[in-house]
Amino acid sequence: MSVATRNGTGPVDAPVAPPRVVRQRRMRPGLLGLAVLLIALGGLGAAFAVTSVRATGSYLAVARPVEVGRQVSADDLVPVQVAGGQGLSPVPAGRLDEVVGKRAAVSLTPGTLLTMAQLTDDPLLGPGQQQLALGLGPAEVPARKLHPGDKLLLVSTPDGDDDRPAAAATRFEATVIDTVASDDDEVVVYLALAVRDVPAVVALSSQERIALVLTEAA
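For clarity, every value in this text was computed on a predicted model and none was experimentally measured.

Some thoughts on the overall build of the protein
Then comes step 1: The secondary structure content of the protein amounts to 3 helices and 11 strands.
Then comes step 2: Counting all 218 residues of the protein, 25% fall into the buried class.
Then comes step 3: Summarising the internal contacts of the protein: among those between residues at least 6 apart in sequence, 63% fall at separations of at least 24.
Then comes step 4: Split by element, the accessible area of the protein, about 15,000 Å² in all, is 56% carbon and sulfur.

Observations concerning unusual backbone geometry
As a rule of thumb, non-glycine residues mostly have phi less than zero, and peptide bonds are mostly trans rather than cis.
Then comes step 1: Here Glu-208, not a glycine, exhibits a phi torsion of approximately 55°, which is positive.
Then comes step 2: In this fold, Glu-208 is placed in the loop between helix 3 (198-206) and strand 11 (210-216).

Some words on the sheet that holds strand 8 (residues 151-156)
Then comes step 1: An order of 7-10-9-8-11 is seen for the 5 strands of this open sheet, with the pairing classed as antiparallel. Each end of this open sheet is capped by a strand with a single partner; those strands are strand 7 (129-136) and strand 11. Sheet twist, expressed as the average angle between the axes of neighbouring strands with direction ignored, equals 40°.
Then comes step 2: Those strands touched by helix 3 are strand 7, strand 8, strand 9 (171-181), strand 10 (187-194) and strand 11, and its axis lies near 10° from that of strand 7.

Describing helix 3
Then comes step 1: Every buried residue belonging to helix 3 is among Val-198, Val-201 and Leu-204, and all of these are buried. With its buried residues spanning 130° around the axis, helix 3 presents them on a single face. Among the exposed residues of helix 3, those pointing more than 90 degrees away from its buried face are Pro-199 and Ser-206.
Then comes step 2: Those residues of helix 3 hidden inside the fold are in contact with strand 7, strand 8, strand 9, strand 10 and strand 11.

Points about a negative patch on the surface
Then comes step 1: On the surface, a cluster of negative charge is contributed by Glu-140, Asp-183, Asp-184, Asp-185, Glu-186 and Glu-208.
Then comes step 2: For Asp-184, a relative accessible area of 56% corresponds to the exposed category.

Section: the environment of Pro-110
Then comes step 1: Mapped onto the secondary structure, Pro-110 falls in the loop between strand 5 (103-104) and strand 6 (119-120).
Then comes step 2: Sequence-wise, Pro-110 and Leu-77 are 33 residues apart; in three dimensions their C-alpha atoms are separated by 8.8 Å.
Then comes step 3: Here Pro-110 is in contact with Val-62, Ala-63, Arg-64 and Pro-65, once residues within four sequence places are set aside.

A few points about the pairing of strand 10
Regular strands show a simple pattern: their side chains alternate between the two faces of the sheet.
Then comes step 1: For strand 10, the buried fraction is high: 7 of the 8 residues fall into the buried class.
Then comes step 2: Pairing between strand 7 and strand 10: 8 bridges, direction antiparallel. Counted as the bridge partner of Ala-133 is Tyr-190 from strand 10.
Then comes step 3: Counting the residues that bridge the hairpin from strand 9 to strand 10 gives 5 residues, and of these Asp-185 lies at a positive phi of roughly 70°.

Observations regarding the confidence of the model for the protein
Then comes step 1: Per-residue confidence for the protein averages 79 on the pLDDT scale, and 69% of its residues sit at or above 70.
Then comes step 2: Confidence over residues 1-5 falls short of pLDDT 50; this stretch has 13 contacts with residues more than four positions distant or in other chains.
Then comes step 3: Throughout residues 47-54 the model reports pLDDT below 50, and contacts reaching past four residues in sequence, or to other chains, amount to 4 contacts.

Notes on the side chain of Gln-118
Then comes step 1: One can find Gln-118 in the loop between strand 5 and strand 6.
Then comes step 2: A polar side-chain atom of Gln-118 sits 3.0 Å from the main-chain amide nitrogen of Thr-115.
Then comes step 3: When near neighbours in sequence (up to four residues on either side) are disregarded, Gln-118 contacts Arg-103, Ala-104, Ala-105, Val-106, Leu-108 and Leu-113.

Observations concerning the side chain of Lys-102
Then comes step 1: For Lys-102, the location among the structural elements is in the loop between helix 2 (96-99) and strand 5.
Then comes step 2: Here the side chain of Lys-102 touches Asp-121 through a polar contact of 2.9 Å, side chain to side chain.
Then comes step 3: When residues no more than four places from it in sequence are discounted, the contact partners of Lys-102 are Arg-70, Gln-71, Val-72, Met-116, Leu-119, Thr-120 and Asp-121.

Parameters and conventions
- Residues numbered from 1 in each chain as written.
- Predicted model: local features only at pLDDT ≥ 70, side-chain atom pairs only at ≥ 80, totals over all residues.
- Heavy atoms only, no water.
- Helix = DSSP H or I, 4+ residues; strand = E, 2+ residues; numbered from the N terminus.
- Buried < 20%, exposed > 50% of the residue type's maximum accessible area, 1.4 Å probe, protein only.
- Contact = heavy atoms within 4.5 Å.
- Areas by Shrake-Rupley, 256 points an atom, 1.4 Å probe, with all protein chains shown as cover.
- Pairing = 2+ DSSP bridges.
- Axes fitted to C-alpha atoms, helices over the stretch in contact; angles between N-to-C directions.
- Arc of directions from axis to C-beta.
- Patch = residues over 30% accessible without salt bridge, like charges linked within 9 Å, V, L, I, M, F, W, Y side chains within 5 Å.
- Salt bridge = Lys/Arg side-chain N within 4 Å of Asp/Glu carboxyl O.
- Lys, Arg positive; Asp, Glu negative; His and termini not counted.
- Charge placed at Lys NZ, Arg CZ, Asp CG, Glu CD.
- pLDDT = per-residue confidence, 0-100.
- Polar contact = N/O pair within 3.5 Å; in protein donor to acceptor, adjacent residues only side chain to side chain.

In structure tokens:
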């Protein structure tokens, strides 16, 4: 290589710079092993996730409507195959015998998975209560259909010789246990009443001087 000068003395040879040698970095064995371990763990995690999603189990589903308070029978349920149902807390099909006979704590809708939180062992007839049956005509029932667990208010009605205002009517709180429709269009309503109220309600019912009011639906 030559360099020209301004004073006209001619080119002067310049020293040639030696080529630069780029040294390759060597990966430490520890870092290489860590990278391999992370890749392996990632593959195992992905495989576990796919397996969990695809896991299929047999669980109990509701086959027909079950009202609040009614006992669950085997015919009310059907086993179904569900993929990834572990996170939903449904009842496994193998626990059918544990479920049959329990009462529905909420209304059970067909096509939904059954959970233990929807069931209860508590009876509708609580402590200090007695069961009473009232025969009512269709127009005397406060709803098109009463369900177990519905809250009612029983109100006494005046007789023909009673001149007292309606505010003096006697009121009794009751809970529906069950209803049955008879062949002569009469509806029999089974109620849970406080023991102290039963004699008065029986007397008013015999005189046909009682009316039912629905205050809270189950």
